Amino acid sequence: MNIADLRQEYMRAGLSEAQADADPLRQFERWFEDALRAQLPLPNAMTLATVTPSGAPSARIVLLKGLEQGGFVFYTNYLSRNGRELERNAKACLLLLWSHLERQVRIDGTVQKVTSAESDAYYTTRPLGARHSAWASAQSEMVADRQVLERAMENARREHGDQPHRPPHWGGYRVIPQEIEFWQGRSDRLHDRLRYRRTDSTWTIERLSP
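Residues numbered from 1 in each chain as written. Predicted model: local features only at pLDDT ≥ 70, side-chain atom pairs only at ≥ 80, totals over all residues. Heavy atoms only, no water.

Q: Mind laying out the environment of A45, listing which residues take part and the relevant values?
A: Its location among the elements puts A45 in strand β1 (residues 45–51). Among residues more than four places away in sequence, those in contact with A45 are I61, V62, L63 and L96. (Helix = DSSP H or I, 4+ residues; strand = E, 2+ residues; numbered from the N terminus. Contact = heavy atoms within 4.5 Å.)

Spelled out as structure tokens, the structure:
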């Protein structure tokens, strides 16, 4: 197989300034509802991009868990690689791809931790095993083998029981967008790209060349 020969023509829809909502968060909610109706696998999966102390890009997949208080919320271990990078530089880029709909959304913004109460509330909704693993896993740290993780999980189950409280090193972040770009695939690669840019308390919509 020649990877260079893999191609797709984009024919599903367009995105005009007249169609777009003046508020990018409402526009995102529209597109997210479309992704849910299409029953796409993991429609809330998104790439989180941060930077290392030396300025190198660093990315991984996380799950969007809320669109609240003007920001995009996800949860992770604060001591993990991405947590340490956000501690040093509280800026990030999020990217959601819905390939079946020929759409992607890019979000650039500043990052802040959600409140302890918000993290507590979300933590209690997680499956019990996921709550135990938040205690068991020193995320991003090296381990000798799989058995180390499994022993740590057994210890977490034994120590914290059926009602574990949230570890202090685990919680949520909220990305407050400064720019949001909506990308809609179009024929002949003449894609629609609308960028919302925050200016004070309002949003300006700009069309970008594909």
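Q: Go over helix α3 (residues 116–123) with me, naming the residues and quoting the values.
A: Buried within α3 we find E118, S119, Y122 and Y123. The buried residues of α3 all sit within an arc of 130 degrees when viewed along its axis, so they share a single face. Taken together, the buried residues of α3 touch β3 (66–68), β4 (71–77), α4 (128–136) and β7 (170–184). (Buried < 20%, exposed > 50% of the residue type's maximum accessible area, 1.4 Å probe, protein only. Arc of directions from axis to C-beta.)

Q: Explain helix α5 (residues 146–160) to me, using residue names and the numbers behind them.
A: Residues three or four positions apart in an α-helix share a direction because the helix packs 3.6 residues into each turn. Between its first and last C-alpha, α5 extends 21 Å over 15 residues, near the 21 Å set by a 1.5 Å rise per residue. What α5 keeps buried is the set M153, A156 and H160. For α5, the arc enclosing every buried residue in end-on projection is 60 degrees, short of the 170-degree limit, so these residues lie on one face. What points out from α5, more than 90 degrees from its buried face, is the exposed set R151, R158 and E159. Backbone nitrogen of Q147 and a side-chain oxygen of the N-cap are separated by 3.2 Å at the start of α5; the cap is D145. A positive phi of about 65 degrees marks G161, the residue just after α5. (Expected span 1.5 Å × (residues − 1). Polar contact = N/O pair within 3.5 Å; in protein donor to acceptor, adjacent residues only side chain to side chain.)

Q: Outline the packing of aromatic side chains, supporting the account with residue identities and numerical values.
A: A complete count under the given rule lists 12 aromatic pairs for this structure. Taking the centre distance of 5.6 Å and the plane angle of 15 degrees together, the rings of Y75 and W170 count as stacked. Note that Y75 is positioned in strand β4 and W170 in strand β7, a separation of 95 residues in sequence. By relative accessible area, which is 15% here, Y75 ends up buried. Accessibility expressed as a relative area gives 6% for W170, which makes it buried. Linked through ring pairs, F28, F32, F72 and W98 together constitute an aromatic cluster. (Phe/Tyr/Trp six-rings, centres within 6.5 Å; stacked < 30°, edge-to-face > 60°.)

Q: Describe the packing of α4 against α5, listing the residues and the values that go with them.
A: Contact pair α4 / α5: the axes reach a minimum separation of 8 Å and the direction vectors enclose 110 degrees. Relative to α5, the element α4 is oriented roughly perpendicular. The handedness of the crossing between α4 and α5 comes out as right-handed. Residue-level contacts link G129, H132, S133, W135 and A136 of α4 to A152, M153, A156, R157 and H160 of α5. Considering only residue class, the contact of α4 with α5 consists of five nonpolar, four polar and one charged. (Axes fitted to C-alpha atoms, helices over the stretch in contact; angles between N-to-C directions. Parallel < 35°, antiparallel > 145°, perpendicular 65-115°, else oblique. Left-handed = near helix turned anticlockwise from the far one by under 90°. Nonpolar A, V, L, I, M, F, W, Y, C, P; charged D, E, K, R; others polar.)

Q: Residues and numbers for the nonpolar core, please.
A: With 31 residues, the main nonpolar core has F28, F72, F74, W98, V105, I107 and F182 as its most contacted residues. Counting residues per element, the ones that place at least two in this core are α1 (24–37), β1, β4, β5 (91–98), β6 (103–113), β7 and β8 (192–199). A per-element tally of this core places α1 first, with five residues. Counting residues in each nonpolar core, the second largest holds seven residues, with V73, Y75, V114 and W170 among its members. (Core = buried A, V, L, I, M, F, W, Y, C linked by side-chain atoms within 4.5 Å.)

Q: Give a description of the pairing of β4 that names residues and reports values.
A: Counted residue by residue, β4 has seven buried out of seven residues, so it is predominantly covered. Side-chain alternation along β4 places G71, V73, Y75 and N77 on one buried face and F72, F74 and T76 on a second face that is also buried. One ladder, built from three bridges, connects β3 with β4; its direction is antiparallel. Note on β4: the bridge partner recorded for L67 is F72. Judged from the six bridges that link them, β4 and β7 form a sheet pairing that is antiparallel. Bridge pairing in β7 links N77 to W170. (Pairing = 2+ DSSP bridges.)

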